[in-house]
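Structural overview for review
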Amino acid sequence: MGKPMNRTVDAPLISQIRQGNLAAKPPRVAIVGGGPGGLFTAWNLEHQADSPFELNLFEGTDRLGGKVLTPVFSTRGIRYEAGAAEFYDYTPVGEDPLRDLVESLGLHPVGLAGAGVHVLEKRIANLDDLCDTLGPDARKKMATFDNWARSAMTPREFYTSGTDGSCHAAQPGPFHQALPGPVGNGLRRYIETMIHSDLATPASKTSTAYGLQNYLMNDPAYMRLYRIAGGNEQLIRALAERISAQVRLSTRVERVVRAENGPMRLEFAGPEGPQSEAFDAVVLALPLEALKRLKFQGGELSEAMGRHIGHHDHPAHYLRVTLLTDQSPQPILGDDGYLMLDAFGGCCLYSETAIEPGARHGVLGWLIGGEAAEQMSLLNDQALVSEVLNTLPPSLAHLGGRVVESRVHRWVGAVSAVPGGWDSLPEDRRHRPAATTQPSLLIVGDYLYDSTLNGALESAEYAAGWLAAHLQSLRAGNG
Amino acid sequence: MMDRNDPQPLTAVPDPEIPAGFPSGSAIRRIDWGAQRAFDLLLVPVSEGQEAEGSSLSVLAREWATTGSGGSQVAAGCPGSVLIPLYGNHVVWSPERGAVIAEAGRLDTLAAALTEFAQCERRLRDLEQRGDSLNNRVETDAASILVAGEATDQPPRGGVQGSQLESISIRAELSKIAPLVHAPVLHPPTAASQLAERLRDRTRLAERHDLATNRADFAVQVYEACGQRAFDAKIARRQSGLEWAILVILLGQMALMLVEILSSRTGQ
Ligand SMILES: Cc1cc2nc3c(=O)[nH]c(=O)nc-3n(C[C@H](O)[C@H](O)[C@H](O)COP(=O)(O)OP(=O)(O)OC[C@H]3O[C@@H](n4cnc5c(N)ncnc54)[C@H](O)[C@@H]3O)c2cc1C
């Protein structure tokens, strides 16, 4: 239940009960998807709504958390991040609701940094390395590019770019056209390698604004990175413990049916077989690939949802290969929690033990993005492990012989290459694509903002705010 | 003009001081900080890609640095020595010794960054120590002015004035090093900026500086209050002297008037 009834019994409800009008039950709200987006929505709704409602949360699998998961290696019980590995901290520029939430839940953020980019078998970790590897001219061009990037998007514009659409300062069109020419091939490769694994798509397939964001996020004046001590899934556990929604695990919603002038009906398959229930409001907190698989019944509803999906359908892909080693890479990597490799079109190699000083083991995680991730997902786990081992920089090559266990997680189509779509839509249109026919059908998704957890939270806050007001108006109508 | 805290020009120290186990080409530079204090910098060139070698040398270097700084006190929360692996290079810092194990092309850049950091850290450490001893005096000084000073009506002691000047001097020195301690993170980074950021981070320079500044601010405020109190007392003393003088003059005037009246009556 969203708001436990005993907490929220109020005058109109009591008078309804007195009058024997028990048909006026509290409105029923369904959230479909038990990932961060769904949990953020439940959390925010329960905090914002001040009228009674019944909240149901449907999750298709047997666990909450979606793409935030921190499993453990079976041999040693050591954890690793299989999905979202880092949280974005915007506090250098403004308020950061996600960081506030993390801290208010009593979780401990731990800073994460890294500067190494391995290009053309050389490590470039700073301007001096860049100069040594690509020549003094590259250093100058890098400075020019950096100045251009910063003037195209200020920290403030970077901060607000998710909410008010793409950055106004950045020119339209794909990012690779925006790379100022003539940029030497080496430098271009360096920049693309630096940002590719965050983009999860080539520079030619994303917008200038999104490309710029992914370049500028390396600058601590724009943003910093952190993890949650004890694993990122702590956030999911903390939220799940605190929400009072009725959570229905292993219950996959299959169809949303529009009812004339009345509530919506959800058809779902759960442990008790296929079922259907009516709801006054429905939040679809699903990634676009899952939304595509849902069926929408009712001509206008399915058309509106078709348009929404069409606008946002820019799938990007990830693949994670994580190795547990019995030796730590820390003496080599130092404080760095990750480095970028130019293998697989640019991938991120995380050293997950960097935040555990003194660890004797190592957890090396390759985050492969984009087309390489899509193609390589077809390979079996063993082949993937040997592929990634071949990309270890010489200084870490010795760890190839120290692998104790390996894990692979495939995330094909799991994120968006063009969050927000090529043309930015007003916030209400993003969240209520069928506003005229089905006003209380809401969408929550990271792909509406920036393909990150911060975006998922921002979207959830919008939906919860709208719903809280809607529940209030329903109550006023009933009263 | 050279600041008294600026390092003197580097002077080479003869080879024999280079500890065993380091390759040929290693050198030690002594940075003379005056007052019989110095910072020894061990420079060890390694060839590119020899990260494993660099890593084992860094352990030796840390031992050497730690032994050499055995007597130096470090601030609470600051490790006695720090080893920073930096993209194939290794840097060691301890209060009196440092080492750079790097490719020849990076040695000078990293050595300069380490020296600048060591100098800043030393200045902060000195200020922390001066702040500590001042802090030990604050209470007695305050008592001597606020309590004893009131009772005995004595002017403030010269020692308290000295303490007040010391508190102001510490605060001013802390302000001077603030831009170094709180330097913003540079982007895109250089090897030197990366090293400086990590050293500052590991030795908790910013937190230490904040703490020292808070304590200095407190001392400045206390001594300001003491000064004010002493000044008030002085004014009060002067005022009461003046009141007595007026009283005496008035009495004198009245006596004169009395004499005048009496003499005029006897004259009649
Ligand atoms: C490999 C990888 C790395 C990432 N790294 C980062 C990062 O470093 N930082 C960052 O901020 N973000 C990162 N992200 C993105 C981040 O994971 C997402 O922003 C976030 O998970 C979005 O949450 P969500 O709830 O919208 O979707 P999801 O996390 O996908 O959750 C959706 C949930 O809905 C359930 N579901 C699907 N269909 C149905 C159905 N029909 N009925 C019921 N339930 C259903 C799913 O089982 C799932 O639990 C990464 C993503 C990936 C894949």
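Residues numbered from 1 in each chain as written. Chains lettered and ligands numbered in written order. Predicted model: local features only at pLDDT ≥ 70, side-chain atom pairs only at ≥ 80, totals over all residues. Heavy atoms only, no water.

**With respect to the site of the ligand**
Residues and elements named next belong to chain A. Taken together, 30 residues surround the ligand, and among them G37, E59, E86, D446 and L453 come closest. Between the ligand and the protein, one listed contact pairs an oxygen atom with a backbone N or O atom of G37 at 2.8 Å. In this structure, G60 approaches the ligand through a main-chain N or O atom, which is 2.9 Å from a nitrogen atom. With the chains in place, 95% of the 990 Å² that the ligand exposes on its own is no longer accessible. (Near = heavy atom within 4 Å. Polar contact = N/O pair within 3.5 Å; in protein donor to acceptor, adjacent residues only side chain to side chain. Areas by Shrake-Rupley, 256 points an atom, 1.4 Å probe, with all protein chains shown as cover.)

**A few points about the domain arrangement of chain A**
Residues and elements named next belong to chain A. If you check the domain split of chain A, you get domain 1 (11–66 + 232–314 + 419–478) and domain 2 (87–228 + 315–416). Tallying the contact residues gives 29 residues for domain 1 and 29 residues for domain 2. Summed over the three residues of domain 1 that lose the most area to domain 2, namely N232, W422 and N454, the buried surface amounts to 22% of that side. At the boundary of domain 1 and domain 2, one finds zero salt bridges. Taken together, the links from domain 1 to domain 2 amount to four residue pairs in polar contact (both at pLDDT 80 or more). Elements with a contribution of two residues or more to the side of domain 1 that touches domain 2: α3 (36–48), α11 (233–242), α17 (427–431) and α18 (453–478). (Domains from an automatic or database assignment. Contact = heavy atoms within 4.5 Å. Buried area = accessible area lost by both parts, 1.4 Å probe. Salt bridge = Lys/Arg side-chain N within 4 Å of Asp/Glu carboxyl O. Helix = DSSP H or I, 4+ residues; strand = E, 2+ residues; numbered from the N terminus.)

**Let's talk about the pattern of salt bridges**
Pairs may arise between side chains of opposite charge once their charged atoms sit close together. Following the criterion strictly, the structure yields 37 salt bridges over all chains and no others. Among the ionic pairs, A:D137 bridges to A:K141, the shortest N-O distance being 3.5 Å. Placement of the pair is A:D137 and A:K141 together in helix α6 (residues 136–152), with a separation of four residues, close to one helical turn. Take A:K141: its relative accessible area is 30%, and that puts it in the partly exposed class. In this structure, the salt-bridge partner of B:R123 is B:E173, at a minimum N-O distance of 3.9 Å. Here B:E173 lies in helix α3 (residues 158–181) and B:R123 lies in helix α2 (residues 104–152), a separation of 50 residues in the sequence. Three or more residues joined by partner-sharing salt bridges are found here, namely A:R28, A:E54, A:R248 and A:E277. (Buried < 20%, exposed > 50% of the residue type's maximum accessible area, 1.4 Å probe, protein only.)

**Comments concerning the interface of chain A and chain B**
Of the residues lining the interface, 25 residues belong to chain A; the matching set on chain B comes to 18 residues. Between chain A and chain B, roughly 1,800 Å² of surface is buried when both sides are summed, and carbon and sulfur atoms account for 46% of that area. Area buried by chain A at its contact with chain B is led by A:R123, A:D128 and A:D335, which between them contribute 25% of it. For the interface between chain A and chain B, the tally reads three salt bridges.

**Overview of the packing of aromatic side chains**
All names here are of chain A. Going through the model one piece at a time under the given rule, you end up with 12 aromatic pairs over all chains. Through pairs of rings, three or more aromatic residues link up here, namely Y90, F158, Y159 and Y222. Over the ring of Y226 we find R99, and its NZ or CZ is 5.0 Å from the ring centre. (Phe/Tyr/Trp six-rings, centres within 6.5 Å; stacked < 30°, edge-to-face > 60°. Lys NZ or Arg CZ within 6 Å of the ring centre and 35° of its normal.)

**Regarding the packing of α6(A) against helix α10 (residues 208–216) of chain A**
Residues and elements named next belong to chain A. Here α6 crosses α10 at 115 degrees, and the two axes come no closer than 10 Å. The interaxial crossing formed by α6 with α10 has left-handed handedness. Mapping the contact onto sequence places M142, F145, D146, W148, A149, R150 and A152 in α6 and T208, L212, Y215 and L216 in α10. (Axes fitted to C-alpha atoms, helices over the stretch in contact; angles between N-to-C directions. Left-handed = near helix turned anticlockwise from the far one by under 90°.)

**Quick word on the sheet that holds strand β13 (residues 295–297) of chain A**
Residue and element names in this part refer to chain A. Spatially, the four strands line up as an open sheet ordered β11-β10-β9-β13, and their pairing is mixed. The sheet terminates laterally at β11 (273–279) and β13, the two strands that pair on one side only. Strand after strand, the sheet turns through a mean of 25 degrees between neighbouring axes, direction not considered. (Pairing = 2+ DSSP bridges.)

**Side note on unusual backbone geometry**
Here the bond from B:H187 into B:P188 is cis, since omega is -10 degrees, no more than 30 degrees from zero. Here B:P188 is to be found in the loop between α3 and α4 (191–202). The backbone phi angle of A:S250 is positive, close to 50 degrees, even though this residue is not glycine. For A:S250, the position within the fold is in the loop between β8 (246–248) and β9 (252–257). One non-glycine residue, A:F344, lies in positive phi territory at about 55 degrees.

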